[in-house]
Amino acid sequence: MLFRSPICRYLAHEDLSLQAVADRRLPPTVLYINQERIVFGYGKNGYALQKGSEYALKLGFPLKNSPVKERTVYVTCTVQNLFASDDGARFCADCRYTSLKKEDERFLDSLC
């Protein structure tokens, strides 16, 4: 249940983030990630996610002191829960991975 704390913090605080340029969508904010789930937040003009739906994600992780600049992880996940702020301006999606390669699972585990 460690992932619940970032959700509460994100929904309770006023959004001070930058606005998208030229009607583009900003990427969601990753609030929590481990080898089992990813939790992210987004604004009301962001994404129309549905509980129980499956989504494909491409996750990029910058690497320091490595000849490779970025580690890319491809996953699919299902939205387990959706949360909204009281004013309806911010949302959080709690997603559980449905497909994740073993080497990517080990990599995500090493981040935690």
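Given the structure is predicted, the values throughout are model-derived calculations rather than measurements.

In a disulfide, the sulfur atoms of two cysteines are held together by a covalent bond. The tally for this structure, following the rule as stated, stands at zero disulfides. Cysteine Cys 77 shares no disulfide, and the gap to the nearest cysteine sulfur, in Cys 95, comes to 4.2 Å. A relative accessible area of 1% means that Cys 77 is categorised as buried.

Sheet analysis places strand β3 (residues 54-62) next to strand β4 (residues 70-84), joined by nine bridges and oriented antiparallel. Bridge pairing links Pro 62 to Glu 70 in β4. Judged from the eight bridges that link them, β4 and strand β5 (residues 90-99) form a sheet pairing that is antiparallel. In the sheet register, Cys 77 faces β5, and the bridge partner there is Tyr 97.

Reading guide: rules and limits
- Per chain, residue numbering runs from 1 following the sequence as it is written.
- Residue-level local features of this predicted model are given only where pLDDT is at least 70; pairs of side-chain atoms are given and counted only at 80 or more, and the full residue set underlies all totals for whole chains, interfaces and linings.
- Based on all heavy atoms of the structure, the side-chain values leave hydrogens and waters out of the count.
- Any two cysteine sulfur atoms lying within 2.5 Å of each other are counted as a disulfide.
- Working definition: with a 1.4 Å probe on protein chains only, accessible area under 20% of the residue-type maximum means buried, over 50% means exposed, and in between means partly exposed.
- Strand pairing requires that DSSP identify at least two bridges connecting the strands.
- Every helix listed is a DSSP run of H or I at least four residues long, and every strand listed is a run of E at least two residues long, numbered separately from the N terminus.

It is worth stressing that arrangement in space is one thing and function is another; only the former is reported here.
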